[in-house]
Amino acid sequence: MAEREVLFKCLNCGHEYLGMFDMNNVTERVCSKCRSNSVRRLPKPKPAKK
Ligand SMILES: [Zn+2]
């Protein structure tokens, strides 16, 4: 259970996308839009609290 779906955000163009974060296979993350490697991993959005 090393894989987790996390949200990535490109710091270059602001593109956000979901991807798999595998702690055992850390690959270089690049933006699918502008191919920048300035991609930051964001916490997965939680359900809104009432
Ligand atoms: Zn980008």
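Just so it is clear, the model here is predicted, and its values are computed rather than measured.

Thresholds applied
Residues numbered from 1 in each chain as written. Predicted model: local features only at pLDDT ≥ 70, side-chain atom pairs only at ≥ 80, totals over all residues. Helix = DSSP H or I, 4+ residues; strand = E, 2+ residues; numbered from the N terminus. Contact = placed C-beta atoms within 7 Å. Pairing = 2+ DSSP bridges. Axes fitted to C-alpha atoms, helices over the stretch in contact; angles between N-to-C directions.

Draft legend 1. Looking closely at the overall build of the protein. The helix and strand inventory of the protein stands at zero helices and three strands. In the protein, the order of α-helices and β-strands from amino to carboxyl end is β-β-β. Residue pairs at least 24 apart in sequence account for 35% of intrachain contacts in the protein once pairs closer than 6 positions are excluded.

Draft legend 2. Region of interest: the sheet that holds strand β1 (residues 3-10). Pairing within the open sheet is antiparallel, and its three strands lie in the order β2-β1-β3. Where the open sheet ends on each side, the last strands, each with one partner, are β2 (16-22) and β3 (39-42). Each adjacent strand pair in this sheet contributes to an overall mean axis angle of 45 degrees, direction not counted. Pairing of β1 with β2 involves seven bridges; the strand directions are antiparallel. Paired with Phe8 across the strands is Tyr17, a residue of β2.

Draft legend 3. Seen up close, the pairing of β1. As consecutive antiparallel partners, β1 and β2 are separated by five residues, and within that stretch Gly14 has a phi angle of approximately 85 degrees, a positive value. Bridge count for β1 against β3 is four bridges, and the pairing is antiparallel. Bridge pairing in β3 places Lys9 opposite Arg40.

Draft legend 4. Up close: unusual backbone geometry. Notably, Arg35 is not glycine yet its phi reads approximately 65 degrees, a positive angle. If you trace the backbone, Arg35 turns up in the loop between β2 and β3.

Draft legend 5. Fine view of the environment of Glu5. Following the sequence through the fold, Glu5 ends up in strand β1. In sequence terms Glu5 and Leu18 are 13 residues apart; their C-alpha atoms lie 6.6 Å from each other.

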